[in-house]
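# Report on the structure
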Amino acid sequence: MNKLAIYHKSDSLYSFALDAETAELRLRVAKGDVKSVKLIYGMKHKFCQKQENTDMRLNCSDGTYDYFTVRLRLKDKRLAYVFYIEGADGEKCYYSEDGASKTYDFSLAYYNFFQLAYINENDVMGKVDWLTRAVVYQIFPDRFCRGGDGESDHITMKWGDKPTPTSFAGGDLWGIIKKLDHICALGVNTLYLTPIFTSDTNHKYDTIDYYNVDPHFGGNEAFSLLMKECKKRGVRVILDAVFNHCSDKFDKFRDVAENGIKSPYHDWFIIRGDKPVKRPLNYEVFSSCEYMPKWNTANPEVQEYLCQIGEYWIKEYGVDGWRLDVSDEVSHDFWRLFRKRIKALGPDKALIGENWHDSQSYLIGDQFDSIMNYAFTKAMLDFFVYGALDAKGLSERLNGLMMRNITQVNSMMLNLLDCHDTHRFYTLCGKNEGKLYNALAVEMFMPGAPMIYYGTENLTEGGYDPDNRRCFDWNKSGEFTEKVAALTSYKKLPALCEGDAKFYSDGGLFFAERYTDTQRVTLVVNNTNKTLSARGYTVGADAHKITVQ
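What counts as what
Residues numbered from 1 in each chain as written. Predicted model: local features only at pLDDT ≥ 70, side-chain atom pairs only at ≥ 80, totals over all residues. Heavy atoms only, no water. Pairing = 2+ DSSP bridges. Helix = DSSP H or I, 4+ residues; strand = E, 2+ residues; numbered from the N terminus. Axes fitted to C-alpha atoms, helices over the stretch in contact; angles between N-to-C directions. 1 Å grid on protein atoms, 1.4 Å probe; cavity = no way out; pocket = protein on both sides within 12 Å on 5 of 7 lines; lining within 4 Å. Points joined across faces, edges and corners; volume = space filled by probe spheres on them. Nonpolar A, V, L, I, M, F, W, Y, C, P; charged D, E, K, R; others polar. Contact = heavy atoms within 4.5 Å. Left-handed = near helix turned anticlockwise from the far one by under 90°. Buried < 20%, exposed > 50% of the residue type's maximum accessible area, 1.4 Å probe, protein only. Arc of directions from axis to C-beta. Polar contact = N/O pair within 3.5 Å; in protein donor to acceptor, adjacent residues only side chain to side chain.

### A few points about the sheet that holds strand S25 (residues 543-548)
Strand order in the open sheet formed by 4 strands is S20-S21-S22-S25, and the pairing between neighbours is antiparallel. Each of the sheet's edge strands pairs with one partner strand only, and the pair in question is strand S20 (500-506) and S25. Taken over all neighbouring pairs, the strand axes of this sheet differ in orientation by 15° on average, direction set aside. Sheet topology note: the strand S22 (residues 520-526)/S25 ladder contains 6 bridges and is antiparallel.

Here it is, written out as structure tokens:
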């Protein structure tokens, strides 16, 4: 038995509460190395004298490890436990905080058992239930639809021309209102809008005024009507919060540029010197964009200012959540405060970080509910586009992603194939409709909320920014739109919202299962150029099948 591969840690993603009375425990071991794992557990203060035991199940495998899991309904919120492991080679051992041992002295267990010392209800990561059932549609407003009631003198391109970094097509919120029936017909129940606040760029990630919707988009009047029309249809709205940086035309930064160290806002930004200077640059910015000065989110005044913005759009307009731009470059301290302030307005207000990488430190209940799942995006690209993964490799990759976070977080992840920051998936897969359709199917089966980038339903093409932000072609419609709607309809099934997930492969086919006690839904994907069969399924080239039991 490979004892070096055995891993568990208390009060972590390997040991956490699902609710006030339920714990989930995970044990990692070398792949194929362990025959069985038994959990020996009991009430913390009586564990030395009295223990119970239960078998753990092999939940999933990635490329290196097997993961055994168990869920315990607790009579007492103080849990102590150790593991008893039987290797495939017949070797047996106990595993405690002291590591692996051939024997274990239960009379002295209080020194080295694992524990959930006490499940305090306010420490339990809650779920935003509607997010587990969401089908999200992302819109880049300038390129979606012209409604005709916003300002138009800024338009610099014909609708449908290829965009440049600075071109304006004239899409607005009135246009989104006009097309809500189309959006709802796709099975969408949640809109995510890239920034809508006052800015002089088409993307508006450099905010000038956080309290007003840009006149290009129709102003606050258009947003108010959009919220009303969405609520009529049962559609929730997530806005983009750009709290890492702002525009250099933002009034507080302009005050600093004019008055330097004498400005009351000098410490609202991170400036090395009395005044911000662009040549050479002496203040922190987003990326290398000198026109996007970075907020000093360690400053309590800045924290209060940004929290009030987050609260305002929820209180005044009923916004359902925030997507948090460049969230991994903003201080943890601020996000902890922001969560408390926003969740005080309702625990169902969603907070989704734009973190591209493993983000466990943000996802333990004190900051975000979830993140945009770019690791899932990469897995889809490696399988369907780059050929870096076969069916077995994809199942192992997805299993590994599931083990990155606790169960509640997995159920709220924002899963995407593409967005305003990536190449269009359809273009990357060589405009292969079958591959796109299969990838969307896998997206529906991944725990969390699938996000569809506007135009995917009519096979919009596009390379990297700004080509990925083309205008929606409203003269183009067809069968693929109906196929997308057929896929999103599966998200109404309880198993795809609340069920556990299992990913595996057989005979070159990829299998995804979602299941509850009463329902099992299976997806089988063939990502090859020939018909394949396994486990009673026969699937044609670049196709998939779904069964509901």
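### Some words on the layout of surface pockets
In this structure, the largest pocket occupies an estimated 850 Å³ of space. What lines the largest pocket is a set of 31 residues, among which Asp123, Val124, Met125, Ile364 and Gly365 lie closest to the centre. Looking at the lining of the largest pocket, the elements that each hand over two or more residues are strand S1 (15-19), strand S9 (114-116) and helix H7 (332-343). With 4 residues, H7 is the largest single contributor of residues to the lining of the largest pocket. Residues that form the lining of the largest pocket fall into these classes: 14 nonpolar, 8 polar and 9 charged.

### A word on the sheet that holds strand S15 (residues 321-324)
Pairing in this closed barrel of 8 strands is parallel, and the strands run S10-S11-S14-S15-S16-S17-S18-S19 around the ring. The mean angle between the axes of side-by-side strands here comes to 25°, regardless of whether they run parallel or antiparallel. Where strand S10 (residues 136-139) meets strand S19 (residues 449-453), 3 bridges bridge the pair, whose relative direction is parallel. When the bridges of S19 are listed, Val136 appears paired with Met451. Contacting strand S18 (414-416) and S19, helix H12 (residues 433-445) crosses the sheet at an angle of about 145° to S19.

### Considerations on the packing of helix H6 (residues 300-317) against H7
Interhelical geometry of H6 versus H7 gives an angle of 30° and a closest axis separation of 10 Å. Of the two possible hands of crossing, H6 and H7 adopt the one that is right-handed. Between H6 and H7, the residues in contact are Gln303, Glu304, Leu306, Cys307, Gln308, Gly310, Glu311 and Ile314 and Asp333, Phe334, Leu337, Phe338, Arg341 and Ile342, respectively. Looking at the contact of H6 with H7 residue by residue, the classes come out as 7 nonpolar, 3 polar and 4 charged.

### As for empty space enclosed by the protein
Taken as a whole and assessed by the stated rule, the structure comprises 2 cavities of 30 Å³ or more. Around the largest cavity, the lining comprises 18 residues; the ones closest to its centre are Asn373, Leu401, Arg404, Asn405 and Met413. Looking at the lining of the largest cavity, the elements that each hand over two or more residues are strand S17 (370-373), helix H8 (374-384) and helix H9 (391-402). A class-by-class count of the residues in the lining of the largest cavity yields 10 nonpolar, 6 polar and 2 charged. Approximately 30 Å³ is the volume attributed to the second largest cavity. Lining the second largest cavity are Asp418, Arg424, Phe425, Tyr426, Leu436, Thr456 and Thr460. Here the lining of the second largest cavity is composed, by residue class, of 3 nonpolar, 2 polar and 2 charged.

### So, helix H13 (residues 479-488)
Those residues of H13 lying buried are Phe480, Thr481, Val484, Leu487 and Thr488. In a view along the axis of H13, the buried residues occupy a sector of 120°, so they form one face of it. Turned more than 90 degrees from where H13 packs its buried face, Glu479 and Glu482 sit exposed. Buried residues in H13 make contact with helix H3 (180-185), H12, S19 and S25.

### A short note on the environment of Leu389
Relative to the assigned elements, Leu389 resides in the loop between H8 and H9. Classification of Leu389 by relative accessible area gives buried; the value is 14%. Beyond its immediate sequence surroundings of up to four residues, Leu389 is in contact with Ala379, Asp382, Phe383, Leu394 and Arg397.

### Some words on the side chain of Asn202
Inspection of the secondary structure assignment puts Asn202 in the loop between strand S12 (197-198) and strand S13 (209-213). By relative accessible area, which is 5% here, Asn202 ends up buried. Polar side-chain contacts of Asn202 include one of 3.0 Å to the backbone oxygen of Pro165.

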